[in-house]
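Structural overview for review
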Amino acid sequence: MFDYKRFENDVVTAMGDTLRKWAEEYGDIYIMSLDCARDMTSIGIIANTKQYLKEQADADSEDYWYYKYCEEEWDLWYADGFVEDISTYMDQYLKEKSEHFTDPETFEFLESFDEHCSKMIESCKKALVRLRQSVKQDFPNLLLTYNIREYLDNEERTEIFALVNSSEASEEYAEHIEDFN
């Protein structure tokens, strides 16, 4: 059985530690994302700085929202250390359950995998909420996002964003989601 609470706790720790490490090196991080593989075998942490955003696009450029919110265009990526350890136990669980999660003939995910995926997403959302609370005082303007490449639709992405960010930031994100997703 996968330990979803352990996973949540580990994600909070990994993201908090990574944020603090990056904040020492880069003083202008404005956004951080928890990035999850669609097959739930790994996670990563991605962030961007105001300086890097400024180098990519001016605020009045039509590409600005794309560079501001598209995780794939950000500067800071992390998948080593403790994040790698989390990914290892995620991957191992999938390997152990492969016959229960994937149809051996079609290689499509089964309902049991979809249930696991839903629980993983819920754990990630809880982790982001807890992270927000733990870093609110030191990083009050930090934006947090959650990404599963080519899986979450715009509505899901905006709902998760609104869960952990201010209403003002959430409105901006929702208004421009078509520009970056």
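Our structure's up above, just so we're on the same page.
Computed from a predicted structure; not experimentally measured.

The subject of this paragraph is the packing of helix α1 (residues 4-25) against helix α4 (residues 81-96). Contact pair α1 / α4: the axes reach a minimum separation of 10 Å and the direction vectors enclose 160 degrees. Taken together, the axes of α1 and α4 are roughly antiparallel relative to one another. By crossing handedness, the relation of α1 to α4 is classed as left-handed. From α1, Arg6, Phe7, Asp10, Val11, Thr13 and Ala14 reach across to α4, where they touch Phe82, Val83, Ile86, Tyr89 and Met90.

The terminal C-alpha atoms of helix α8 (residues 167-180), which comprises 14 residues, lie 19 Å apart, in line with the 20 Å expected from a rise of 1.5 Å per residue. The largest bend in α8 is about 40 degrees, located at Ala174. Buried residues of α8: Ala169, Ser170, Tyr173, His176, Ile177 and Phe180, and no others. Next to the buried residues of α8 lie α3 (64-69), β4 (143-147) and α7 (154-164).

Our next topic: the environment of Leu142. Following the sequence through the fold, Leu142 ends up in the loop between α6 (111-135) and β4. For Leu142, a relative accessible area of 4% gives the class buried. Considering only alpha carbons, one finds Leu142 and Val164, 22 residues apart in sequence, at a separation of 10.0 Å. Once residues lying within four places of it in the same chain are set aside, the contact partners of Leu142 are Leu19, Ile29, Tyr30, Ile31, Met32, Arg132, Val135 and Asn165.

Glancing now at the sheet that holds strand β2 (residues 43-49). With mixed pairing, the four strands of this open sheet are ordered in space as β3-β2-β1-β4. Looking along the sheet, the strands with just one partner apiece sit at the ends: β3 (76-78) and β4. Sheet twist, expressed as the average angle between the axes of neighbouring strands with direction ignored, equals 20 degrees. Sheet strands in contact with α1 are β1 (29-36), β2 and β3, and its direction is about 145 degrees off that of β1.

The topology assignment puts Ser33 in strand β1. A polar contact of 2.8 Å, which involves the side chain of Ser33, links it to the side chain of Thr145. When neighbours within four sequence positions are excluded, Ser33 is seen to be in contact with Met15, Gly44, Ile45, Ile46, Glu71, Trp74, Thr145, Tyr146 and Asn147.

So, how was this worked out
- Residues numbered from 1 in each chain as written.
- Predicted model: local features only at pLDDT ≥ 70, side-chain atom pairs only at ≥ 80, totals over all residues.
- Heavy atoms only, no water.
- Axes fitted to C-alpha atoms, helices over the stretch in contact; angles between N-to-C directions.
- Helix = DSSP H or I, 4+ residues; strand = E, 2+ residues; numbered from the N terminus.
- Parallel < 35°, antiparallel > 145°, perpendicular 65-115°, else oblique.
- Left-handed = near helix turned anticlockwise from the far one by under 90°.
- Contact = heavy atoms within 4.5 Å.
- Expected span 1.5 Å × (residues − 1).
- Bend = angle between axes of the 7 residues up to and from the residue.
- Buried < 20%, exposed > 50% of the residue type's maximum accessible area, 1.4 Å probe, protein only.
- Pairing = 2+ DSSP bridges.
- Polar contact = N/O pair within 3.5 Å; in protein donor to acceptor, adjacent residues only side chain to side chain.

Purely geometric numbers; function is a separate question.
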